[in-house]
Amino acid sequence: MDSKRSKNGFSFNSLNKRDIAGATVIILINVCISWLLFGNMLLQLNSVSFAKSGDGLKGYYTSSYHIKFDKSYNHTEGMNYPFGEHIFFTDSQPLVTNTIKWISHNITDISNYSTGIINTLMLLSIIIGSLIIYLIFRKLGVSMLVSILAASSIVWLSPQLARMGGHFALSYITHIPGLIFLVILFAEKPLFIRSLWIMLWGLILALTHLYFYGIVAIMIIVFWIWAARMIPANIISNGRKLLHFVIQAIIPILLVQLYLGFTDSVADRPGSPWGFMHYRAYPESVFLPLQLPHGEWLAARLGFNHSYIDWEGHAYAGAAASILFAVIFFRMLYHLITLRFSCLSNLFRNPFLSMIFWAGFLALLYSFAVPFVFNLEWLLKYLGPIRQMRGVARFAWLFFYVMNIIVIVMAYRKLKQKPSLLWYALLVLIIIANSTEAYYNSRSLKNFIDNPDQLSATHRYVPEPKNYQAIVPLPYFHVGSENISWTDDAGLLPEAFRLSLCNGIPITGVYLSRTSLEQTYLQISPFLTGENPPAVFKLYDCRNILLLTADDFPLNETEMQLIAESSDILHCEGFRVGSIPFRSYKRIIEQNRGMSTNDERFQKFGDITIPDIRRYSRVIEAEIPEGAVKGWLFFAVPGFRKDLIPRTTANIVIQENPQSNLLDDWKPIAHSLTGFLSDNTSIHLITFDIPANAKMLHFNTQNKGLKKQLFTYKDIRIAYTFREEP
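These lines cover the structure that appears in this document, whether it is placed above or below. On a predicted model such as this, the values are computed, not experimentally measured, just so you know. (Residues numbered from 1 in each chain as written. Predicted model: local features only at pLDDT ≥ 70, side-chain atom pairs only at ≥ 80, totals over all residues. Heavy atoms only, no water.)

## Points about the overall build of the chain
Argument step 1. The helix and strand inventory of the chain stands at 21 helices and 23 strands.
Argument step 2. Relative to the compact-globule value of 27 Å for 726 residues, the chain shows a C-alpha radius of gyration of 29 Å, a close match.
Argument step 3. Counting only C-alpha atoms and orienting by the principal axes, one finds that the chain spans roughly 90 × 65 × 55 Å.
Argument step 4. Going through the 726 residues of the chain one by one, you find that 55% of them count as buried.
Argument step 5. Of the contacts formed within the chain by residues at least 6 apart in sequence, a portion of 78% connects residues at least 24 apart.
Argument step 6. Summed over all atoms, the accessible surface of the chain reaches about 32,200 Å², with 59% contributed by carbon and sulfur.
Argument step 7. Averaging the coordinates of the 62 positive side-chain charges in the chain and doing the same for the 51 negative ones gives two points 17 Å apart. (Helix = DSSP H or I, 4+ residues; strand = E, 2+ residues; numbered from the N terminus. Rg over C-alpha atoms; globule rule 2.2 N^0.38 Å. Buried < 20%, exposed > 50% of the residue type's maximum accessible area, 1.4 Å probe, protein only. Contact = heavy atoms within 4.5 Å. Areas by Shrake-Rupley, 256 points an atom, 1.4 Å probe, with all protein chains shown as cover. Lys, Arg positive; Asp, Glu negative; His and termini not counted. Charge placed at Lys NZ, Arg CZ, Asp CG, Glu CD.)

Right, here's the structure in full:
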């Protein structure tokens, strides 16, 4: 391969005909590895479910329902009946799903193969990803053999493999290496056609998952910081540089925003998803193999408890990349201490490697939630739409690919510059280390993703499905608004998906992302007390309702009345499906929404206003009567339906004395919601057991996510139950 230095200062090698052979070899190698790992599973991908529950199962369901039953390409009716949801917020991979939908409606029906197509694309991305990384190495001057071995180990070590068990859209290993390769091509020859390639790739990544676009933005911004310094104005004018930047970084997200602006009618999606500081990476989750056997062994021997790291936070870079980064990091500190700032921009004496390192390093810092982790969490409210990407640990994936590319390139270049047994042994050791860890990272993947198809259940057909307008799960579940979270405690979600797909009947329940706040409160209103009839019923039609329940899960009085009024349709595998006329469903719910708040047993405290809800504040304190064994705390909250208000925490502290807490319970006030008054003021009831010897009750509150503001608890009351005297 010939190395060519372009006029802009970047140097890359040219690909040649031998690379066709190399590309063929790496594809064959990774096909063979796939066969060794997955075996016969590869022959039955349409009957395999990579996920048994949660987000993965939701992805299969929303994709299949959209392909088979939805009339629109942009909107799905599968969940959140009668509103439905925009396809972009359902984790159903709009590009893939709508392609299958179009082919099925216009060429030949392949709708029954959607599961197999999605599974195939995820596995195929590993093979194509290895090819892309191979081409990156070849452009950076690495030999064919080393490129093949290194690229193969990197894809099987990738932290994205873990996403195949649920977050399907995030599992595509092609996406980040593809971005790096396209940046190489542009840096080699900055043509507008190559800018358009990056723009198109960025658009594909943004429509796959917005986290990928966040990585695109970091890479392109850092590249143009380098390019602005390296490429003289007589090669590319400043105006053309700006135009390239706009094409590559701005137009993709602008097109996505325009698409959503024209096709999404919801204007009140939550602006501050929970978890930004929780779903972050840590240095130990990036540089230590905590989820690999040798890492688990080491942690056990050292007594290192890493349970504080959420599974989302794991993004192991690999031993070789971690060691190289440690060396580079200390070199960076040395340059800073000695004020040699110019050396920081050329750590590898190669502008492209230095550029991608800084892109990866900045992405790594952001994955650690820097700078917010340094008691600057209050700055999050100023991030705007960027805050929607709360799983910041995913940004460490760019660091993973960048560092593993750099460690191979640097070791190979050292070997070429100073041929010796030492450098040869080091390069071999790096490949062996990566390959060994890749083996341990991927060997159990089949056990994780090789599950029977969870949604194929032909015996879930109901007679005359057109006579039913919706499936109502009891107890009702609603997850996705980031403010209200009614989880599926009865395990109805998989069964609701099967019933819906078999019959083409939508579900009123919600298991989605960033759902409308107004729609959320309309959906949960039938299952709360209230002074007004549920407004959502005005959007229903007159057809019957299907009620889905679990045999072994207890129901409340209203739910039991609904079941008693319904007639059996299906009963299998511990679940019951009953039919109830809509008029009966509506009547029973409206009859059971009465409110009773004027109980003389309540000790009244009136209204309390907190001057700054951001600060941990005392609402009330009260002496606990002797002999009390259970307590009820009642209060109302004006303006509860506003974004973030439901995430205000209620802290119940019960003490024997000021130094001894017998109970210290924190819960969002959304968990205690029981109903609404006519002015939309929310009503809450917190119950708690009172330990023996309890003397004082403290009700405290805080909401760090809100701006400084007054916060009022109205009509606060407490009642107690006492133990019976012998």
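## Examining the layout of surface pockets
Argument step 1. Approximately 800 Å³ is the volume attributed to the second largest pocket.
Argument step 2. Along the wall of the second largest pocket there are 28 residues; nearest its centre are Trp486, Phe527, Leu528, Asn556 and Leu673.
Argument step 3. Sorting the residues of the lining of the second largest pocket by element identifies strand 9 (485-486), helix 20 (557-565) and strand 20 (673-676) as the ones contributing at least two each.
Argument step 4. Ranked by the residues each element gives to the lining of the second largest pocket, the list is headed by helix 20, at 3 residues.
Argument step 5. Along the lines of polarity and charge, the residues of the lining of the second largest pocket split into 13 nonpolar, 10 polar and 5 charged. (1 Å grid on protein atoms, 1.4 Å probe; cavity = no way out; pocket = protein on both sides within 12 Å on 5 of 7 lines; lining within 4 Å. Points joined across faces, edges and corners; volume = space filled by probe spheres on them. Nonpolar A, V, L, I, M, F, W, Y, C, P; charged D, E, K, R; others polar.)

## Regarding the pattern of salt bridges
Argument step 1. Evaluated as defined, the whole model comprises 24 salt bridges.
Argument step 2. With its nearest N and O atoms 2.9 Å apart, the salt bridge here joins Glu565 to Arg587. Of this pair, Glu565 sits in helix 20 while Arg587 sits in helix 21 (residues 582-591), and the two are 22 residues apart along the sequence.
Argument step 3. Salt bridges linked by common partners bring Asp55, Lys58 and Asp91 together as one network. (Salt bridge = Lys/Arg side-chain N within 4 Å of Asp/Glu carboxyl O.)

## Some words on the environment of Leu706
Argument step 1. For Leu706, the location among the structural elements is in the loop between strand 22 (696-702) and strand 23 (711-722).
Argument step 2. In this structure, Leu706 is in contact with Lys381, Ile613, Arg614, Asp643, Leu644, Ile645 and Thr648, ignoring residues within four places of it in sequence.

## Examining the nonpolar core
Argument step 1. With 207 residues, the main nonpolar core has Phe50 and Phe357 as its most contacted residues.
Argument step 2. Among the elements that take part in this core, helix 15 (residues 396-417) stands out by supplying 17 residues, more than any other.
Argument step 3. Discounting chain neighbours no more than four positions away, the residues touching Phe50 are Met41, Leu45, Tyr60, Asn119, Met122, Leu123, Met164, Gly165, Phe168, Phe448, Ile449 and Asn451.
Argument step 4. In this structure, Phe83, Phe537, Tyr540 and Ile589 belong to the second largest nonpolar core, which totals 18 residues. (Core = buried A, V, L, I, M, F, W, Y, C linked by side-chain atoms within 4.5 Å.)

## Observations regarding the packing of aromatic side chains
Argument step 1. The tally for this structure, following the rule as stated, stands at 45 aromatic pairs.
Argument step 2. Plain terms: the ring middles of Phe325 and Phe361 are 5.9 Å apart, the flat faces sit at 35 degrees to each other, and that makes the pair tilted. Of the two residues, Phe325 sits in helix 12 (residues 319-337) while Phe361 sits in helix 14 (residues 351-367), which places them 36 residues apart along the sequence.
Argument step 3. When its relative accessible area of 7% is taken as the criterion, Phe325 is described as buried.
Argument step 4. Residue Phe361 is classed as buried on the basis of its relative accessible area of 9%.
Argument step 5. Taken together, a centroid distance of 6.3 Å and an interplanar angle of 85 degrees make the contact between Tyr476 and Trp486 edge-to-face. (Phe/Tyr/Trp six-rings, centres within 6.5 Å; stacked < 30°, edge-to-face > 60°.)

Taken by themselves, the reported measurements are silent on function.
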